[in-house]
Protein chains: 2
Amino acid sequence: MPRTLKLVLAYDGSAYVGWQRQTEGQSIQGLIEEALSRIDGAPVRVAGAGRTDAGVHALGQVASARVETTLDPPTLKRALNAILPTDIRILTIEQVDDQFHARFSASSKTYQYWIWQGDVLPPLIRASCWQIARRLDVAAMDAAARRLVGRHDFGAFQSAGSDVTSSVRTVHSAGVDAGAARSAWFTPWSEGDAEVDCGHPVVVQIEADGFLRHMVRAVVGTLVEIGDHRRDADAIASLLERGDRGEAGPTAPARGLVLVRVQYRRPVAPDAGSR
Amino acid sequence: MPRTLKLVLAYDGSAYVGWQRQTEGQSIQGLIEEALSRIDGAPVRVAGAGRTDAGVHALGQVASARVETTLDPPTLKRALNAILPTDIRILTIEQVDDQFHARFSASSKTYQYWIWQGDVLPPLIRASCWQIARRLDVAAMDAAARRLVGRHDFGAFQSAGSDVTSSVRTVHSAGVDAGAARSAWFTPWSEGDAEVDCGHPVVVQIEADGFLRHMVRAVVGTLVEIGDHRRDADAIASLLERGDRGEAGPTAPARGLVLVRVQYRRPVAPDAGSR
């Protein structure tokens, strides 16, 4: 009897063409399908909650797959992690209701965008930060980000080439924080020792029921212009109203974007369908 | 007139044979000397405060060099960072007294060792953590680490092949912390969402007036055995007393070790010599 699995996974997207299989280049989806197929002895297809672009990372991407293997989830997780390269890791696996689909069952997704504000990008985090040397007005960025909350037409923040029919989405929360991300990992830069004060992280976080193509990166490009005082914080309201992509800021680089979490409203245990 | 510079630098040591120039392979010292030599138009030698091994990282290594260039420090820093690969970054440059030597003038150095305690190593930090799936007794490790403080013969924690005449060093502080390192960078793993609870960092920090070859890594190997309850916390005292390397724990992997800071007692401004 085939069964449906929910996999939570993390990856460093630097080396990949993105989540989705492409005609050329290695994709994360492709490598996970290959690994599952090797274990199952037959082709396995997986669906991902977020189709992250080339260079975009994940701390909590979710995938669903229908498999024949009877391996218990912890054993399957160890087997998959033994096959996969170390820049892709399966964090958890659980058996779920057959109705579960990683993308269509998701109620919301949370993305973070990591900016390193400082004149030098620390080498150990260079794969996952956009470095900005200029001093950003983080309070203005945070105030502007909060204007995104609610049900709006996000057409101004959508890249061409998208296949969606509607650009209306609901943003549940949005904010920008320069304080929370300080930690012992950055001690040498956060202890006020002027000699090695080379910057600090600024984290943009957005949770929404869905995201348009390049939406977070277009929002971040716009927020940075607001943080630079090149654009008014009120700009967000008129961008949402007018919906013209040409008026929003540039698309921020892929490397700073991280899919951190996917939320599901309904329980996804195997017996959930009968409740 | 040649002048003496103090450079503070950070690097991801993954791709290098270590700080020191070797007959084969790329060293961090070698790349910095090449970059400075290109700017100076003549060979430049640099001295490093800590001779970090292959795979060991730095957040605050210090190097000294005598140069002819009259470029002001901020311009020289930009020029060096433009030449160097992105896994080596110059954080600050200042002109110092000609007596200054990065290694011999240092009063102490601080190393951290980053352990990821969890069954899966997060891809984005895989280059700089030793992953341990077993649950470690961090309080026991911290108590044991504190026994290292003071002036002792650290011969039990020294690898063969060292050229030092004495293995007596003074440890100013030592401790192990599982809490301080939690941060927004690890939010998905620290918010109590069981689904993605794949571990947390454990950071060992040691400040000493000097370190023997592989000393921090041998200490960490021993502390982990204590955290595993395979060895008593009192073991440190008898190891220090007996000085037998065969009795201490194994040498922890290089990838978790980070030179975070080098301290200098005396002012190192150009006029310090006349004060």
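What you see as residue numbers is a count from 1 along each chain, following the sequence as written. Chains carry letters from A onward and ligands carry numbers from 1 onward, assigned in written order. Only residues with pLDDT of at least 70 get local features here, since the model is predicted, and only at 80 or more are side-chain atom pairs given and counted; chain-wide, interface and lining totals rely on the full set of residues. Just so you know, side-chain values use all the structure's heavy atoms and leave hydrogens and water out.

With that settled, the discussion passes to the pairing of strand β5 (residues 108-117) of chain B. All names here are of chain B. Using a 1.4 Å probe on the protein chains alone, a residue whose accessible area is under 20% of its type maximum counts as buried, one over 50% counts as exposed, and one in between counts as partly exposed. Numbering of helices and strands runs from the N terminus, with a helix taken as a DSSP run of H or I at least four residues long and a strand as a DSSP run of E at least two residues long. Most of β5 sits out of view: 10 of its 10 residues are buried. By the alternation rule, side chains of β5 split into S108, T110, Q112, W114 and W116 and K109, Y111, Y113, I115 and Q117, which are all buried. Paired strands are those between which DSSP finds at least two bridges. Sheet topology places β5 next to strand β9 (residues 200-208); nine bridges connect them, and they run antiparallel. Bridge pairing in β9 links Q112 to Q205. In the sheet, β5 pairs with strand β6 (residues 130-132) via three bridges, with the strands oriented parallel. Within β6, the position partnered with I115 by the bridge is W130.

Detailed reading of the predicted model is not advised wherever pLDDT is low. Residues and elements named next belong to chain A. pLDDT is a residue-level measure of predictor confidence that goes from 0 to 100. Per-residue pLDDT for chain A averages 89, and the proportion of residues at 70 or more is 89%. Ranking the elements of chain A by mean pLDDT puts helix α4 (residues 187-190) last with 36 and strand β2 (residues 46-48) first with 98. Taken as a whole, residues 180-195 scores under 50 in pLDDT and shows 50 contacts with residues more than four places along the chain or in a different chain. Throughout, a contact is declared for two residues whenever any of their heavy atoms are within 4.5 Å.

Residue and element names in this part refer to chain B. Pairs were defined over the aromatic rings of Phe, Tyr and Trp, the Trp ring being its six-membered one, requiring ring centres within 6.5 Å. Orientation was assigned from the angle between planes: stacked under 30 degrees, edge-to-face over 60, tilted for the rest. Enumeration according to the criterion identifies eight aromatic pairs over all chains in this entry. Consider the rings of F100 and Y264, whose centres lie 4.9 Å apart with planes at 55 degrees: the pair is tilted. Note that F100 is positioned in the loop between β4 (88-96) and β5 and Y264 in the segment after β10 (257-263), a separation of 164 residues in sequence. Here F100 falls in the buried class, since its relative accessible area comes to 7%. For the pair Y113 and W130, a centre-to-centre distance of 6.2 Å together with 85 degrees between the ring planes defines the contact as edge-to-face. In this pair, Y113 is assigned in strand β5 and W130 in strand β6, connecting sequence segments 17 residues apart. For Y113, a relative accessible area of 0% gives the class buried.

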